[in-house]
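# Topology and contacts: notes
So you can see what is in the structure, the chains are spelled out below.
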Amino acid sequence: MEDYHKPDQQTVQALRNIAIRLRINSIKATTAAGTGYPTSCCSVAEIMSVLFFHTMKYRPEDPRYINNDRFILSKGHAAPALYSMWTETGFIKESELLTLCQVDSALESHPTPVRVVPRTRQQFVDVATGSLGQGLGVACGMAYTAKYFDKASYNVYCLLGDGELSEGSVWEAMSFASYYQLDNLVAILDINRLGQSEPAPLQHHLDKYQKRCEAFGWHTIIVDGHSVEELCKALSQARHQPTAILAKTVKGKGIPAAEDKMGWHAKPLSKDMAEVVVKELQGRLVNSSKRLYPAAPTEDSPPVSLRNVRMPSAPGYKAGEKVSTRKAYGTAIAKLGRYNERVVALDGDTNNLTYSEIFKNEHPNRFVECYIAQQNMVSVAMGCAARDRNIVFASTLASFFTRAYDQLRMAAISESNINLCGSHCGVSTGEDGPSQMGLEDMSMFRALPTATVFYPSDAVSTEKAVELAAITKGVCYIRTSRPENPIIYNSNEDFHVGQSKVVYQSKDDQVTVVAAGVTLHEALAAAEHLKKERIYVRVIDPFTIKPLDAKTIIDHTRATKGRIITVEDHYYEGGLGEAVAAAVVNESNFSLQRLAVSHTPRSGKPHELLKLYGIDRDAIVLAIRKMLNNSANAK
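Note that the structure is predicted; figures quoted are calculated from it, not measured. Numbers given to residues run from 1 along each chain, matching the order in which its sequence is written. Only residues with pLDDT of at least 70 are given local features in this predicted model, and only at 80 or more are side-chain atom pairs given and counted; all residues enter the totals for whole chains, interfaces and linings. Calculation of side-chain values draws on the structure's entire complement of heavy atoms; hydrogens and water are dropped beforehand.

Counting residues in hydrophobic clusters, the biggest one holds 79 residues, and the most contacted among them are Leu136, Leu185, Leu346 and Phe445. Under the DSSP-based scheme used, a helix requires at least four consecutive residues in state H or I and a strand at least two consecutive residues in state E, with every element numbered from the N terminus. It is helix H5 (residues 135-150) that contributes the most residues to this core, eight residues altogether. Whether two residues are in contact is decided by their heavy atoms: any pair within 4.5 Å suffices. Look past the residues within four positions of Leu136 in its chain and what remains in contact with it is Ser74, Cys158, Leu160, Val170, Ala173, Met174, Leu185, Ala187 and Trp218. Among the nonpolar cores identified, the runner-up in size contains 49 residues, and Ala45, Leu82, Ile188 and Ala234 belong to it. Think of a nonpolar core as a cluster: buried Ala, Val, Leu, Ile, Met, Phe, Trp, Tyr and Cys residues, connected wherever their side-chain atoms sit within 4.5 Å. Only protein chains enter the accessibility calculation, which uses a 1.4 Å probe. A residue is then buried if its area is under 20% of the maximum for its type, exposed if over 50%, and partly exposed in between.

Below, the structure is given as structure tokens:
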């Protein structure tokens, strides 16, 4: 390349010394911890050295600076290599490396963001990695943000292992990056041949890796992963499409007994062995007066404020008007997008079903079509939300989030601020059948420690849920339904996370019914029907399933003599009923009955299915009568 300036010999030697010190420190750290992956660290030593001290532009004293280049260690088990590199920058003290994996250390076995650690040392980690195959998707979200939202110069580098290339999510990300021409994205593939229990499928056949990457539209370069000169040249090339650097490496490089040998993955060196290897590596260091410093970043990222995000006006729906909550979701995110230009929306080729098409039509430059690749969509969402650059909403059918559960789990570990909407929940989806019906989604999201689960029941509460999700930390999930239901709330109704609404009550109420979404409307119809028989029912809309407003539910159930029924368009396991059961478990003299979908459903009209699976108004009426009869008989 005519614009490539070959590094001088002093620079080359300084980079080699950094790689040697990385090996030394990774071995020391993992041996002290008695756990870790030193052989995986050793194969990437030269790659990390060149990236951090020749290629990337960043402020070493400020890892989260908005103009810095981004780095994702997708092969998260090589975390000690990352920590050792930040030791080279001066951000981490060398002595701190020896605290690896200790309970009070900021240095986890795999990279974990600063938010979940009671110290501030991991400011250089944007998202948690370690569940292999996800880092490149996150890097895609960062690169997309840089190119299309920030319109800035920073680049994104992602280091992957060859083992994780068996994960389909990697190739979803490859396809995404190529389609959107993310020429600011570089993936470095550490092809060290050996996996956990046996060699990787393609071993060192780099020509096969090259054909696969090129078939996905990536510019692909093969290098000796231990040659500083080749890495410098490859990483300095001008780019007009995403670039994959295939680095042929030796697992355990620098550890004679482990080099290119099976049986050493996830095994630290013994203390005696480590001392011998470290001494030998130290002997390879060559005195060099040249100290390397990373290049300064280009100052062109726009300042971003995600504070005070709110709707520009109250909901515009009228009482009695019938609107599906999925359509209200699309309307709401488009409305929110008018107020803040950092609101972005992603979808998985379902935008005409989730109604995110309303946002797409109004804000086309802030809509990202991820196509039918929901795992990658969640990872891209995490990347777009990293470093608080965007307010991200991603939508698809509720049932399809099941295939992305590992990505959701990692988003929770990352304490990523992403907002997800699952439409077509429950049997009320109707004729499309069980494959399209989200019936386990509440249980999935309730199990995530950082999640907030919204289940709005009309268009007004849906709009409020979107507004609240935008300012609520962690993973937010909004559950929406296919059928149109009437508006039940006034436009000025005030909503809060963890605060339920009592939507139907009298002083003579005998049973409390807790329901949400379509079943709330069934509960209201049941209450109206029973009122004619002078059987009075209190109906509560929980609004958020997590956190659940336990106090309101308990207080009102006490007022109805401990009688409570839950009704949900969800399987019995893990949904609204179990959330309420957990809330009232310590209450004496409470009688709880749960109505939910008991087995795999079939196709049919929504009202037919609600009736068939015992969650419609008639089933609620029957359950209330039975509960009251049982109470009378008990007396």
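What follows is about empty space enclosed by the protein. Cavities and pockets are defined on a 1 Å grid built over the protein atoms alone: a cavity is a set of grid points where a 1.4 Å probe fits but cannot escape, while a pocket is an open set with protein on both sides within 12 Å along at least five of seven lines, and lining residues are those with an atom within 4 Å of any such point. Grid points are joined across faces, edges and corners, and a volume is the space filled by probe spheres set on the points. Under the definition given, this model contains five cavities of 30 Å³ or more. Estimates place the volume of the largest cavity at around 160 Å³. Around the largest cavity, the lining is made up of 19 residues, and of these Phe71, Trp86, Phe124, Val125 and Asp126 lie nearest the centre. Going through the elements one at a time, strand S1 (70-73) and helix H4 (79-89) are the ones with two or more residues in the lining of the largest cavity. By the convention adopted, Pro, Cys, Tyr, Trp, Phe, Met, Ile, Leu, Val and Ala count as nonpolar, Lys, Arg, Asp and Glu as charged, and the other residues, Gly among them, as polar. In terms of residue class, the lining of the largest cavity is built from 13 nonpolar, two polar and four charged.

Summarising burial for strand S7 (residues 343-347): five of the five residues are buried, a large majority. The two faces of S7 match: Val343, Ala345 and Asp347 on one face and Val344 and Leu346 on the other face are all buried. In this analysis, strands are considered paired if DSSP registers two or more bridges between them. By the bridge criterion, five bridges tie S7 to strand S9 (residues 391-397) in an arrangement that is parallel. Paired with Asp347 across the two strands is Ser395, which belongs to S9. Bridge count for S7 against strand S8 (residues 367-369) is three bridges, and the pairing is parallel. Across the sheet, the residue bridging to Leu346 is Val368, located in S8.

Moving on, we come to the side chain of Arg563. Among the structural elements, Arg563 can be located in strand S18 (residues 563-571). Neither His nor the chain ends contribute to the count of charged residues, in which Lys and Arg are positive and Asp and Glu negative. Here a salt bridge means any side-chain nitrogen of Lys or Arg lying within 4 Å of a carboxyl oxygen belonging to Asp or Glu. One buried charged side chain, Arg563, makes no salt bridge at all; its nearest oppositely charged neighbour is Asp509, positioned 10 Å away. The definition of a polar contact used here is a pair of N or O atoms within 3.5 Å, where within protein one atom must be able to donate a hydrogen and the other to accept one, and adjacent residues in sequence count solely through side-chain atom pairs. Here the side chain of Arg563 touches Ser631 through a polar contact of 3.0 Å, side chain to side chain. Beyond its immediate sequence surroundings of up to four residues, Arg563 is in contact with Gln510, Val511, Thr512, Thr557, Ser591, Met627, Leu628 and Ser631.

With that settled, the discussion passes to the pattern of salt bridges. One pass over the full model with this rule turns up 28 salt bridges. The salt bridge partner of Lys335 is Glu463, with a shortest N-O separation of 2.6 Å. In this pair, Lys335 is assigned in helix H10 (residues 325-339) and Glu463 in helix H16 (residues 459-471), connecting sequence segments 128 residues apart. Of the two residues, Lys335 and Glu463, neither departs from the other in class, the shared state being buried. Ionic pairing is found between Arg538 and Asp509, a salt bridge with its closest N-O pair at 2.8 Å. A residue pair is termed long-range when its members are at least 10 positions apart, and Arg538 in strand S16 (residues 537-541) and Asp509 in the loop between strand S14 (501-504) and strand S15 (511-515) qualify at 29 residues. Several salt bridges share partner residues, and in doing so they unite Lys551, Asp555, Arg558 and Glu587 into one network.

This part covers the environment of His529. Examined against the element boundaries, His529 turns out to sit in helix H17 (residues 518-531). The exposure class assigned to His529 is partly exposed, which follows from its relative accessible area of 40%. Taking the C-alpha atoms as reference points, His529 and Asp183, 346 residues apart in sequence, are found 63 Å from one another. Discounting chain neighbours no more than four positions away, the residues touching His529 are Val621 and Arg625.

What follows deals with the layout of surface pockets. One number sums up the size of the largest pocket: a volume of about 350 Å³. Lining the largest pocket are 19 residues, and of these Leu306, Arg307, Asp388, Asn417 and Lys473 sit closest to its centre. Of all the secondary-structure elements, those providing two or more residues to the lining of the largest pocket are strand S10 (418-423) and H16. Among the elements that make up the lining of the largest pocket, the one with the highest residue count is H16 (three residues).

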